Amino acid sequence: MERPEPSLAQLHTFAVLAEELHFGRAAARLGIAQPPLSQQIRRLEDRVGHALFSRAPGGVTLTAAGRELLPAARRALASLTDGLAAARAAGSGRAGRLRIGFAASLALTVLPGLLRTFRERFPDVRMDIHEMTTTPQIAALHDRTIDIGLLREPPAGEPELAFRTVLTESFVAVLPSTHPLAARRTVPVGQLADSPFVLLPRAVGPRLHDRITGLCAAAGFTPRVAQHAVEWQTVCALVEAGLGVSLAPASIRRIRLKGVAFRRIEPGAARTRVAVAWRRDDTSPLVANLLAAVGDQQPDRTS
């Protein structure tokens, strides 16, 4: 008849006795009485089919079978210990993989500090960072291909998602340095009416696009779009090339291009919102830990 496999408790008892070679000391180390220890060893020997210890007046020694079993018992116990440690780390959010989507312009603002804070607290978490605009981030959250989004102007009507504001910032005019308005410190939005515009396509960030065109509408005109560009770096490059002007979040001023001027706008009350996004039903401790790191960031307002 096939013998059942030894239990981990029996292997642990065996390994301790093999190290102590003394029933009394082994029982004390295990925190049990000697009779239960002897019973565990007898059950293990029954399962192996051979004696594991030689008991004599002079002491306890390992038999050939015991010497053969000891390395395997230690490996099994070490594997269990490693597995338990890994499970506890994953369960507490101290290890695992966190997939983060982010809008490229946020690499100029909140992203570096947030990732640095999170990495310092949870160095064993692997972060997969994916650059994507707002609309693809929303789709990826729904598809569960990312766990966290960092985006501009979160959309309305997303009951499955939650959003938390991490930054608000004003808008600036983006002008070729040769543009007549670049000589001014502040640019009235209405004076951009005759200039062609370089804008993000509405499909990649509907609410941000609408905020920008809304600023133009409030100034009495509809922007004449000469060129679309998905990333702000590209917007700036096209403005530098003289293809148009733009309105953009103030943090875009950190993009340094010699032929581009950034100017405050009038009226200057409008602000754009940056938010962290996640699924409401996501119970991952990794997500909870990142949200805690977001909450510990200093409130940021870029003027």
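### As for the environment of valine 189
Move 1: In this fold, valine 189 is placed in the loop between strand S7 (186-188) and strand S8 (196-199).
Move 2: With 67 residues separating them in the primary sequence, valine 189 and phenylalanine 122 have C-alpha atoms 45 Å apart.
Move 3: Every residue in contact with valine 189, bar those within four places of it in the chain, is listed here: Leu215, Cys216, Ala219, Phe221, Leu247, Ile265 and Glu266.

### Some points on the nonpolar core
Move 1: Of all hydrophobic cores here, the largest spans 37 residues; its most connected members are Val174, Leu175, Leu192, Phe197, Trp232, Leu247 and Ile252.
Move 2: Breaking this core down by element, the ones donating at least two residues are strand S6 (161-176), S8, helix H7 (206-218), helix H8 (232-240), strand S10 (246-249) and strand S11 (260-266).
Move 3: Beyond its immediate chain neighbours, meaning those up to four positions away, phenylalanine 197 contacts Leu192, Cys216, Phe221, Pro223, Arg224, Val225, Ala226, Gln227, Val245, Ser246 and Leu247.
Move 4: In terms of nonpolar packing, the next biggest core, distinct from the first, is built from 27 residues, Val110, Phe122, Leu286 and Val287 among them.

### Here's the deal with empty space enclosed by the protein
Move 1: In the structure shown here, the tally under the stated rule is one cavity of 30 Å³ or more.
Move 2: Taken as a whole, the largest cavity encloses approximately 120 Å³ of empty space.
Move 3: What lines the largest cavity is a set of 13 residues, and nearest its centre among them are Ala103, Thr133, Leu200, Leu208 and Trp232.
Move 4: Taken together, the residues of the lining of the largest cavity sort by class into seven nonpolar, four polar and two charged.

### Section: the packing of helix H1 (residues 8-20) against helix H3 (residues 34-48)
Move 1: The interhelical angle for the contact between H1 and H3, taken along N-to-C directions, is 110°, at an axis separation of 9 Å. Taken together, H1 and H3 sit at an angle that is classed as roughly perpendicular. Counting all contacts with H1, which are made through Ala9, Gln10, Leu11, Thr13, Phe14 and Leu17, the residues of H3 involved are Leu37, Gln40, Ile41, Arg43, Leu44 and Arg47.
Move 2: Among the residues forming the contact of H1 with H3, the class breakdown is seven nonpolar, three polar and two charged.

### Looking at the packing of H1 against helix H2 (residues 23-30)
Move 1: Where H1 contacts H2, the axes come no closer than 9 Å and their chain directions differ by 130°. In terms of axis orientation, H1 runs oblique to H2. Here the hand of the crossing between H1 and H2 comes out right-handed. Residue-level inspection shows His12, Thr13, Val16, Leu17, Glu19 and Glu20 of H1 in contact with H2, the latter providing Phe23, Arg25, Ala26, Arg29 and Leu30.
Move 2: Its residues placed into classes, the contact of H1 with H2 shows five nonpolar, two polar and four charged.

### Observations concerning the pairing of strand S2 (residues 59-62)
Move 1: Judged by which residues are buried, S2 turns out to be one-sided: Val60 and Leu62 face inward and are buried, whereas Gly59 and Thr61, on the alternate face, are not.
Move 2: In this sheet, S2 lies alongside strand S1 (residues 53-56) in antiparallel orientation, the contact comprising four bridges. For serine 54, the partnering residue across the bridge sits in S2 and is threonine 61.
Move 3: Between S1 and the antiparallel strand that follows it, S2, lie two residues.

### Description of the side chain of threonine 272
Move 1: Tracing the sequence through the fold places threonine 272 in strand S12 (residues 271-279).
Move 2: By relative accessible area, threonine 272 is classed as buried at 1%.
Move 3: Within the structure, the side chain of threonine 272 is placed 2.9 Å from the side chain of glutamate 153, a separation counted as a polar contact.
Move 4: With sequence-adjacent residues up to four places away left out, threonine 272 is seen in contact with Arg152, Glu153, Leu167, Thr168, Glu169, Phe171, Leu208, Arg211 and Pro249.

Conventions adopted
Residues numbered from 1 in each chain as written. Predicted model: local features only at pLDDT ≥ 70, side-chain atom pairs only at ≥ 80, totals over all residues. Heavy atoms only, no water. Helix = DSSP H or I, 4+ residues; strand = E, 2+ residues; numbered from the N terminus. Contact = heavy atoms within 4.5 Å. Core = buried A, V, L, I, M, F, W, Y, C linked by side-chain atoms within 4.5 Å. Buried < 20%, exposed > 50% of the residue type's maximum accessible area, 1.4 Å probe, protein only. 1 Å grid on protein atoms, 1.4 Å probe; cavity = no way out; pocket = protein on both sides within 12 Å on 5 of 7 lines; lining within 4 Å. Points joined across faces, edges and corners; volume = space filled by probe spheres on them. Nonpolar A, V, L, I, M, F, W, Y, C, P; charged D, E, K, R; others polar. Axes fitted to C-alpha atoms, helices over the stretch in contact; angles between N-to-C directions. Parallel < 35°, antiparallel > 145°, perpendicular 65-115°, else oblique. Left-handed = near helix turned anticlockwise from the far one by under 90°. Pairing = 2+ DSSP bridges. Polar contact = N/O pair within 3.5 Å; in protein donor to acceptor, adjacent residues only side chain to side chain.

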